[in-house]
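Read off the chains here:
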Amino acid sequence: MIVVTGATGNVGRALVERLVAEDQPVRALTRDPGRATLPSGAEVTRLELDRPAHLLDGATKLFLHIQATGDRTGDVLDAARAAGVRHVVMLSSGIINEGADDEAHPIHIWHATAEQQVRDSGLEWTFLRPISFAANALQWAPQISAGDTVHGPFAEACTAPIHEDDIAAVAARALIDDGHSGAVHRLTGPEPVTTTEQITTIGHALGRDLRFIEVPPDQVGPGLFPHVPPSMLQGVLKSFAATVGVRPEITTTVEAITGAPARTFGEWAKDHRAEFRS
Ligand SMILES: NC(=O)c1ccc[n+]([C@@H]2O[C@H](COP(=O)([O-])OP(=O)(O)OC[C@H]3O[C@@H](n4cnc5c(N)ncnc54)[C@H](OP(=O)(O)O)[C@@H]3O)[C@@H](O)[C@H]2O)c1
């Protein structure tokens, strides 16, 4: 049994779909099973972090999403070990980059602390370190559904956004196949894309002419970054500022592990047209 935390999220949902499609027994954890709309082949279970043993009962593998496990990550890992889990695949972050670490960055601290808890758990582990999710572009959905201009910071910020299903595809291989124990997988999309280019590309997918209007970073509030915990917002803005005019790191890890090249931002935008129309 593979237990998936964060199962209704960008990566978790795609992972549950992939595991079910491969006939793997899956327990998908969510705070609200009634609203989860997960595949019927998954055992959808309420995330009760005060009963971690119940969540991990019968499990052999764990997909760890630390936003979902929060300050109970240690308890979840303890319960996993007690239940007989052999391997944990953690969704970490590319902000952890040995040799180039910004160790005081709050997002670094958050993920590095959890990676250390996983290392200390005694379980076999694999760390997935994606750098920038294409799904971050969903932050612009309210503006795009309302009109043709998008306001935000850092027009020339440049990343190599990764499709969440490519992260899920790597996670599935790391959970199902042998050979990923002790591995750190840095994950990116296939090409550099600026903020302005992301907006133009979403416009192409929608058949609309969208325009990005840059606003100064000191005028950015949490409303523009709903996927970022408010306490992390300044750190995220600092990270974005550092990507302006800099070619992003691009890896070929997705293709090496899954056999299929990482999808472009244009493909991601086509897959998510509906979210920009609603
Ligand atoms: N965004 C990026 O560019 C980026 C880059 C590198 C790494 N990451 C990592 O990826 C993670 C985000 O992955 P994602 O986009 O797949 O996640 P997500 O869609 O934001 O959330 C995943 C699920 O976690 C649950 N959840 C969220 N907040 C919670 C809370 N406070 N308490 C309990 N459960 C909570 C929710 O499920 P229910 O409501 O169903 O319980 C949610 O559907 C980040 O946390 C970070 O660790 C992100």
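All of these numbers come straight from a predicted model, not from anything done at the bench.

Novice: Kindly report on the overall build of the chain, identifying the contributing residues and their values.
Specialist: A tally of regular secondary structure across the chain gives twelve helices and eleven strands. Principal axes of the C-alpha set define a box for the chain whose edges measure 55 × 40 × 35 Å. Per-residue burial over the chain gives 43% buried out of 278 residues. Summarising the internal contacts of the chain: among those between residues at least 6 apart in sequence, 74% fall at separations of at least 24.

Novice: How would you summarise the domain arrangement of the chain if you had to cite specific residues and measurements?
Specialist: Segmenting the chain into domains produces domain 1 (2-130) and domain 2 (132-163 + 189-248 + 263-278). Here the C-alpha centroids of domain 1 and domain 2 sit 26 Å apart. Each partner contributes residues to the interface: domain 1 has five residues there, and domain 2 has six residues. For the side of domain 1 that touches domain 2, the per-class residue count stands at three nonpolar, two polar and no charged.

Novice: Please set out the site of the ligand residue by residue, giving values where relevant.
Specialist: Around the ligand lies a shell of 25 residues, among which Thr8, Gly9, Asn10, Thr30 and Arg31 are the nearest. Within the residue set of the shell around the ligand, elements represented by two or more residues are helix 1 (10-21) and helix 3 (66-69). In terms of residue class, the shell around the ligand is built from nine nonpolar, 14 polar and two charged. Structurally, the shell around the ligand is a two-domain feature, drawing no fewer than three residues from each of domain 1 (2-130) and domain 2 (132-163 + 189-248 + 263-278).

Novice: Please give an account of the nonpolar core that cites residues and values.
Specialist: With 69 residues, the main nonpolar core has Val4, Met90 and Ala171 as its most contacted residues. If one sorts the elements of this core by residue count, helix 7 (residues 164-176) sits on top with eight residues. Of the residues that make up this core, three or more belong to each of domain 1 (2-130) and domain 2 (132-163 + 189-248 + 263-278). Each residue touching Val4, except ones within four places of it in the same chain, is listed here: Gly12, Leu15, Val16, Val26, Ala28, Leu29 and Phe63.

Novice: Give me the sheet that holds strand 1 (residues 2-4): which residues, what numbers.
Specialist: The strands that make up a sheet are held in pairs by hydrogen bonds between backbone atoms, and each pair lies either parallel or antiparallel. The strand order across the open sheet built from seven strands is 3-2-1-4-5-6-9, with neighbouring strands paired in parallel fashion. Whereas interior strands pair on both sides, the edge strands pair on one side only; in this sheet they are strand 3 (43-46) and strand 9 (183-187). Here the average twist between neighbouring strands, direction ignored, is 20 degrees. Pairing between strand 5 (residues 87-91) and strand 6 (residues 124-130): five bridges, direction parallel. Residue pairing across strands places Leu91 opposite Leu128, the latter belonging to strand 6. Its contacts with the sheet put helix 7 on strand 1, strand 4 (61-65), strand 5, strand 6 and strand 9, and the angle it makes with strand 6 is roughly 170 degrees.

Novice: Account for unusual backbone geometry, with residues named and values stated.
Specialist: One non-glycine residue, Asp23, lies in the positive phi region at around 60 degrees. When you line up the elements, Asp23 lands in the loop between helix 1 and strand 2 (26-30). Judged by the 8 C-beta atoms lying within 10 Å of it, Asp23 falls in the exposed class. Here the phi dihedral of Thr37 falls at roughly 45 degrees; this positive angle occurs in a residue that is not glycine. For Thr37, the position within the fold is in the loop between strand 2 and strand 3. Thr37 gets classed as exposed once you count the C-beta atoms within 10 Å, which come to 10.

Novice: Account for the environment of Ile213, naming residues and giving values.
Specialist: By the secondary structure assignment, Ile213 is in strand 11 (residues 211-214). C-alpha separation for the pair Ile213 and Ile144, spaced 69 residues apart in sequence, amounts to 12 Å.

Novice: Tell me about helix 1, and name the residues and values.
Specialist: Between its terminal C-alpha atoms helix 1 stretches 17 Å, which fits the 16 Å expected from twelve residues at 1.5 Å a residue. Of all the residues in helix 1, the buried ones are Asn10, Val11, Gly12, Arg13, Leu15, Val16, Arg18 and Leu19. For helix 1, the elements touching its buried residues are strand 1, strand 2, strand 4, strand 5 and helix 7. Where helix 1 terminates, the next one or two residues include Asp23, which has phi positive at roughly 60 degrees.

Scoring rules and cut-offs
- Residues numbered from 1 in each chain as written.
- Predicted model: local features only at pLDDT ≥ 70, side-chain atom pairs only at ≥ 80, totals over all residues.
- Helix = DSSP H or I, 4+ residues; strand = E, 2+ residues; numbered from the N terminus.
- Buried ≥ 20, exposed ≤ 12 C-beta atoms within 10 Å, placed from the backbone.
- Contact = placed C-beta atoms within 7 Å.
- Domains from an automatic or database assignment.
- Nonpolar A, V, L, I, M, F, W, Y, C, P; charged D, E, K, R; others polar.
- Near = placed C-beta within 6 Å.
- Core = buried A, V, L, I, M, F, W, Y, C linked by C-beta atoms within 7 Å.
- Pairing = 2+ DSSP bridges.
- Axes fitted to C-alpha atoms, helices over the stretch in contact; angles between N-to-C directions.
- Expected span 1.5 Å × (residues − 1).

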